[in-house]
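Coordinates in review
If you want the building blocks of each chain, they are given just below.
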Amino acid sequence: MSGGEVAGILVAVFWAILVSFLAVALVRLAQTLKATTKLVADVTEQAVPLLADASATVRSAQSQLDRVDAIASDVQEVTSNASALSTTVASTFGGPLVKVAAFGYGVRQAISRRTRDEDDRRTTAKPSRRTVIVGRAVPPARRARRRRKD
């Protein structure tokens, strides 16, 4: 055997090994592609019903949102009506009610002053005089201080 034949045999063996490795790699790649194809088919089989369910859920949610929108607009209308009614009632009855409350307060004050004056007359021999300033009675102690200043 000559050196050229040995080199040819080595090249042939090298190519045989290389082709073997490539064949193994191609077989594994084919197996991976088969597994991937099967996986995609399974996902597709499961995804189609899930997408149908999701679509039905979205439609149901949309109808519920439409109902909530209608309810919210009704509530807004009721709120505006209640506000208008409240304003009307306040303007109609507010003034007279304030006047009645003020009158009641004035009557209570007058009765309490009269009762106080009667009590003062009973306890003292000399009736106490009160100085009236703009509808108010000044207590006797203030009146005494005011006299001292003068």
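Residues numbered from 1 in each chain as written. Predicted model: local features only at pLDDT ≥ 70, side-chain atom pairs only at ≥ 80, totals over all residues. Heavy atoms only, no water.

- Looking at an unreviewed UniProt entry, one finds the protein chain named DUF948 domain-containing protein and attributed to Streptomyces koyangensis.

1. Observations concerning the overall build of the protein chain
- Counting secondary structure elements, the protein chain contains 2 helices and 2 strands.
- Secondary structure elements of the protein chain occur, N-terminal to C-terminal, as α-β-β-α.
- Here the protein chain holds 150 residues, and the buried ones make up 1% of them.
- Put simply, the protein chain shows about 13200 Å² of open surface, and 66% of that area lies on carbon and sulfur atoms. (Helix = DSSP H or I, 4+ residues; strand = E, 2+ residues; numbered from the N terminus. Buried < 20%, exposed > 50% of the residue type's maximum accessible area, 1.4 Å probe, protein only. Areas by Shrake-Rupley, 256 points an atom, 1.4 Å probe, with all protein chains shown as cover.)

2. A few points about the packing of aromatic side chains
- Following the criterion strictly, the structure yields 1 aromatic pair and no others.
- Taken together, a centroid distance of 6.2 Å and an interplanar angle of 70° make the contact between Phe 14 and Trp 15 edge-to-face. (Phe/Tyr/Trp six-rings, centres within 6.5 Å; stacked < 30°, edge-to-face > 60°.)

3. Comments concerning a nonpolar patch on the surface
- Taken together, Val 11, Phe 14, Trp 15, Leu 18, Val 19 and Leu 22 make up a surface patch of nonpolar side chains, about 580 Å² in accessible area.
- Mapped onto the elements of the fold, Leu 22 is located in helix H1 (residues 3-123). (Patch = residues over 30% accessible without salt bridge, like charges linked within 9 Å, V, L, I, M, F, W, Y side chains within 5 Å. Salt bridge = Lys/Arg side-chain N within 4 Å of Asp/Glu carboxyl O.)

4. Observations concerning H1
- The first and last C-alpha atoms of H1 sit only 151 Å apart over 121 residues, clearly below the 180 Å expected at 1.5 Å per residue.
- Approximately 40° is the largest bend angle found in H1, and it occurs at Phe 93, with the proline Pro 96 only one to four residues beyond. (Expected span 1.5 Å × (residues − 1). Bend = angle between axes of the 7 residues up to and from the residue.)

5. Examining the UniProt feature "transmembrane region" (unreviewed entry) in the protein chain
- What UniProt calls "transmembrane region" (unreviewed entry) maps, in this numbering, to residues 6-29.
- As annotated, residues 6-29 comprises 100% helix and 0% strand, and the C-alpha atoms at either end are separated by 34 Å. (UniProt positions renumbered as here; feature names shortened; annotations may be inferred.)

6. Re the confidence of the model for the protein chain
- Mean pLDDT over the protein chain stands at 82; residues scoring 70 or higher make up 81%.
- No element of the protein chain has a lower mean pLDDT than helix H2 (residues 140-149), which averages 50, and none a higher one than H1, which averages 89.
- Here residues 142-147 is a poorly scored stretch, pLDDT under 50, and it has 6 contacts once near neighbours within four places are set aside; other chains count. (pLDDT = per-residue confidence, 0-100. Contact = heavy atoms within 4.5 Å.)

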